[in-house]
Amino acid sequence: MKTEAKKLLNLFHLKKAKITSLNDFVDENYMRLKVQNSQSFSQKRDSLHVFQTEKDNFPFKGLIFVLELNSHPGWERQINLFSKRQVTMPEKKFRAVIIFSFEKEYYALSYNRGDLILKSEAIDTSFGMNISKLLLSKDQLNNITTFHAWSNPPLNYTVYSPQKSSIPLYKQSINNDFIIVNKISGNSIIEIHNSNGEILQLNTKIIGNTSLHLEGASLLEKNFLTIMKALKNVINSKGKNSLTWTSEISQLKETKKCNTKLNNKLHSLINIFEKNNGELKKGSLKNICFLKDPTNTDLASTFTIRNVHVDNTKKFYNLNDLEHWQRIISTLSKSNDLSPLDSFSKLKLVEYDENNDKISEKNLFNFLYFNYKRAENFFFLYSGKWYCIPIDLTEKITTSVKSIPIYTNDQFRPRDKRTDLDDNTCRPTENAYTEKICAINPNLIKLDKDTFKPSINLENNHGSIEICDIFEIKDDRLNFICLKPGTSGQSFSHLIAQARNSAMYLSNLNNTEISRFINSQCTEKVDLTSKKINIILGIIHNKINDTNNIDLSLFPIMSLISIYVLKKDLEQKNIELELLLIPSN
């Protein structure tokens, strides 16, 4: 039996602006490539072809834009190094987009990244996410990407179901007050009315972020008008039955003061750059950085910034933040624009494939993260939008952190920086401390540096993870103890990440891999399902005086929020969180 080919629609909503024709939505750089004879795809240079739509099959006012790209495979040069005669291997690539109007709104259908033909500022970047929240329910989700502004560094965090089934609610890890949900996907049914008045059910996969992806049978192309009508009805419901997540984060509509603050930051970086003979100081980048594109999963991709020299291999993400900024600030300092922010807003992040052919071009501004505090609020820029969190949530957060039980065990003596030294570096490390503690306490099992390699990698994990530093078997519970020095910065972020990763795998006890790994490290058999599972954050600090009570003054607000969010995440997974306070001298 022949299987019907799956169809994919990638739908964008375009912002209404002062336009005279549909051509106004197309990037000027591509409009310059427009050819007169659009029927011929035999151009020797990059060309843009424009076609009228057929009313019988496409009942909208629209235009079809096809971009013809000429390129050569990246390995052609290598072949010619070994070839007796010169070999030329031209390739043709095509991108297409259909721009059309429907009920006084403008939309675009993209094929093979045809959305790159559009002006980036013309795309409504909230459309896909907003309509997906109307089409899906929480029990239909199989992929959720969230942004955690309070993490250090801030990060995108993905939860998905490897089997493409729905994610159990207790595993969705989105029930906290300090996240932005920026991408979801799942399977749902859209009811449409065909030309005969029959109600048809379209079982489709829905992906929502900037655009709306609908994946299903050929029903999609045969009934596109009725699908658009169905989607319009969903949009007109004005949020009825929309997916929502409790969050203390609010998006700002008035952003003038925020943009002024960012512009002043760029000004200050230019001043530092010029005073230090073309160099920046790392400390000046404390509240500003670039975030990786969460939608990019191609590890072979490379990036550069248009009009900014990065390096010869175009590997933007291979540079650290200081190297990025020194190149960018150098460019901004030479600009004739009235403000550094105006200059920065014109920069584009360009992505290339392994053959060095351009894949995409996006506003660099959308990958910038910047934060600052004013009065009783914490403001931050993410994905080109400004957000605000009230800082007066401190009482709620501190009350929650104070309620976390303190784990006490005399076996965990203070760390001694003079004797707990690494054998190779002769420096104090938590690994050296762990080794000595476990060596004299047989009920404590050292797992530091022993990594668990799951066959199925969940969320952001790739390869192997450290489940914990020390494993302890008690009569009624199993303690997974994670140790790190400090209450802020990168070390503390690693501590939180390790605890979260451990909880993710320990909450799925149907997966026998984690049980096999734990038992491979123990002399006695351990049944993970028969005892309560605890995750213990071991915090090493030279100002800890009381190991029975937490001193919140040692923790910056961002660290307290990280603990607060972790606690709520573990509660969903039925895992208890405890704190272990270890002095250091």
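Preceding this paragraph is the structure being described.
Worth saying up front: this structure is predicted, and the values here are computed from it rather than measured. (Residues numbered from 1 in each chain as written. Predicted model: local features only at pLDDT ≥ 70, side-chain atom pairs only at ≥ 80, totals over all residues. Heavy atoms only, no water.)

Novice: Tell me about the packing of helix α11 (residues 489-506) against helix α13 (residues 557-572), residues and numbers included.
Specialist: Taken N-terminus to C-terminus, the directions of α11 and α13 make an angle of 5 degrees; their axes are 11 Å apart at the nearest point. The angle between α11 and α13 falls in the class roughly parallel. Taking contact as the criterion, the partners of F492, I496, A499, R500 and A503 in α11 are, on α13, S559, S562, I563, L566, D569 and L570. For the contact of α11 with α13, a count of residues per class yields seven nonpolar, two polar and two charged. (Axes fitted to C-alpha atoms, helices over the stretch in contact; angles between N-to-C directions. Helix = DSSP H or I, 4+ residues; strand = E, 2+ residues; numbered from the N terminus. Parallel < 35°, antiparallel > 145°, perpendicular 65-115°, else oblique. Contact = heavy atoms within 4.5 Å. Nonpolar A, V, L, I, M, F, W, Y, C, P; charged D, E, K, R; others polar.)

Novice: If you had to explain the nonpolar core to someone new, which residues and values would you point to?
Specialist: Counting residues in each nonpolar core, the largest one holds 63 residues, and the members touching the most others are F380, F471, F480 and I518. Excluding residues within four positions of it along the chain, F380 makes contact with F147, A149, I180, I249, Y369, F370, N371, K385, W386, Y387 and I389. Counting residues in hydrophobic clusters, the runner-up holds 37 residues, among them L136, I184, M228 and L243. (Core = buried A, V, L, I, M, F, W, Y, C linked by side-chain atoms within 4.5 Å. Buried < 20%, exposed > 50% of the residue type's maximum accessible area, 1.4 Å probe, protein only.)

Novice: A description of the pairing of strand β18 (residues 385-390) should follow, citing residues and the corresponding values.
Specialist: For β18, the buried fraction is high: five of the six residues fall into the buried class. Alignment of strand β11 (residues 250-251) against β18, held across two bridges, turns out to be antiparallel. Looking at β18, one finds that S250 is bridged to C388. Here strand β17 (residues 377-382) pairs with β18 via six bridges, running antiparallel. In the sheet register, F380 faces β18, and the bridge partner there is Y387. Turn length for the β17-β18 hairpin, with the two strands adjacent in sequence and antiparallel, is two residues, and the turn residue S383 shows positive phi of about 55 degrees. (Pairing = 2+ DSSP bridges.)

Novice: Outline the sheet that holds strand β25 (residues 576-583), supporting the account with residue identities and numerical values.
Specialist: What the five strands build is an open sheet, ordered β19-β22-β23-β24-β25; its pairing is mixed. In this open sheet, the two edge strands, each paired with only one partner strand, are β19 (444-446) and β25. Strand after strand, the sheet turns through a mean of 25 degrees between neighbouring axes, direction not considered. Here nine bridges tie strand β23 (residues 477-485) to strand β24 (residues 532-541), and the two strands are oriented parallel to one another. Considered in β24, the bridge of K484 is made with I539. Running at roughly 140 degrees to β25, α13 makes contact with β24 and β25 of the sheet.

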